[in-house]
Amino acid sequence: MIYLLVLLGSLFGICALIGVRMLLRNRAVRRFVRSVRQRFDLAEERGALLVEETVIEKPRKSPRTSAIELQQVRSLVRLAEKALAQNRIEEAERLFIQALTIQPRAFDVQAQLAKLYLTTNRESKAEAMYKELLQNRDDVSFHSNLGLSFYRQAKYVEACHAYQEALNRDPQTPERSAALGRACIAAQRFEEAAPLLEKATVRLSRDTGLLHLLAESYLQLGHTEKAEETYRRINKLEPYDEEVKAKLLSLARI
């Protein structure tokens, strides 16, 4: 009985303490709010005005300024193209960048700079630029070149995705299927690679490089008869290729 009374007394004391703290806190909050209101009223009495937020709009360029900038960009691009023709790569890059500082959204200039990076083995820079370009323009060549930049960096899965986007937009061009097929083989996706290469070799029937890839896909999938048939196609095109003859002999023994 004594323990029960002690327990109830402790519980009552804790509840009372919590109640007092909450009361004090509420009083402090009310006091703070009143002080804010008083300061606000005093400010109004003194003639203070509330300053509303305003959105500062960027001033629009005049047509004359835009025309001058366009002319400057065109002049720089012509100089860059001339430098490229003379293999002055660093100068061409500098001129393209200078043109983009004048008009950052000159997408044609961005595309030329991205291609410059791709053709000079700076794939990471090309990748970044093509990604940025694709945020503004859905161009099949941008998807394709992005795929190539991925492929050269051994990012084969990403290359597959980019080449697939290019193929989706241009399904009739056999080179699109061939590029995706190559990327699929590099990514060890042989089941996806085989039909793509089959489709490509219908139109590109004399491309022995593609035929070799197709034969390799068949071998990886265990389709030995199709692989043998593909090597025979290669043998007709290149009858002196000893490696192909060895492959045919090996497959004939299976």
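Novice: Tell me about the overall build of the protein, and name the residues and values.
Specialist: A tally of regular secondary structure across the protein gives 12 helices and zero strands. Listed by position from the N terminus, the elements making up the protein come as α-α-α-α-α-α-α-α-α-α-α-α. By residue count, 30% of the 254 residues in the protein fall in the buried class. Intrachain contacts of the protein at a sequence separation of at least 6 include 40% that bridge at least 24 residues. Only carbon and sulfur atoms are counted for the fraction: they give 55% of the accessible area of the protein, which is about 17700 Å².

Novice: Pulling in residues and values, what's your account of the pattern of salt bridges?
Specialist: Counted by the stated rule, this structure contains 12 salt bridges. The closest approach of N and O atoms between Arg152 and Glu123, which form a salt bridge, is 3.5 Å. Of this pair, Arg152 sits in helix H6 (residues 140-152) while Glu123 is found in helix H5 (residues 123-134), placing the two residues 29 residues apart along the sequence. Given a relative accessible area of 43%, Arg152 falls into the partly exposed group. Taking the shortest distance from any N to any O, the salt bridge between Lys245 and Glu242 comes out at 3.7 Å. Linking Lys245 with Glu242, this pair stays in helix H12 (residues 242-252), spanning three residues, or about one helical turn. The class of Lys245 is partly exposed, set by a relative accessible area of 31%. Residue Glu242 is classed as exposed on the basis of its relative accessible area, which comes to 53%.

Novice: I'd love a proper account of the environment of Gln153, names of residues and values included.
Specialist: The residue Gln153 is located in the loop between H6 and helix H7 (156-169) in this model. When its relative accessible area of 26% is taken as the criterion, Gln153 is described as partly exposed. Spatially, the C-alpha atoms of Gln153 and Arg122 are 9.8 Å apart, while their sequence positions differ by 31 residues. A polar contact of 3.0 Å, which involves the side chain of Gln153, links it to the backbone oxygen of Ser149.

Novice: Run through the packing of aromatic side chains, naming residues and quoting values.
Specialist: By the definition in use, this model includes two aromatic pairs. Each ring, one from Tyr130 and one from Phe142, has its centre 6.0 Å from the other, and the planes form 45 degrees; the classification is tilted. Here Tyr130 is found in helix H5, whereas its partner Phe142 is found in helix H6, with 12 residues between them in sequence. Phe142 sits in the buried class, given a relative accessible area of 7%. Centre to centre, the rings of Tyr151 and Tyr156 are 5.3 Å apart; their planes meet at 65 degrees, and the pair counts as edge-to-face. Under the relative-accessibility criterion, Tyr151 is labelled partly exposed at 29%. For Tyr156, a relative accessible area of 27% translates into the label partly exposed.

Rules used throughout
- Residues numbered from 1 in each chain as written.
- Predicted model: local features only at pLDDT ≥ 70, side-chain atom pairs only at ≥ 80, totals over all residues.
- Heavy atoms only, no water.
- Helix = DSSP H or I, 4+ residues; strand = E, 2+ residues; numbered from the N terminus.
- Buried < 20%, exposed > 50% of the residue type's maximum accessible area, 1.4 Å probe, protein only.
- Contact = heavy atoms within 4.5 Å.
- Areas by Shrake-Rupley, 256 points an atom, 1.4 Å probe, with all protein chains shown as cover.
- Salt bridge = Lys/Arg side-chain N within 4 Å of Asp/Glu carboxyl O.
- Polar contact = N/O pair within 3.5 Å; in protein donor to acceptor, adjacent residues only side chain to side chain.
- Phe/Tyr/Trp six-rings, centres within 6.5 Å; stacked < 30°, edge-to-face > 60°.

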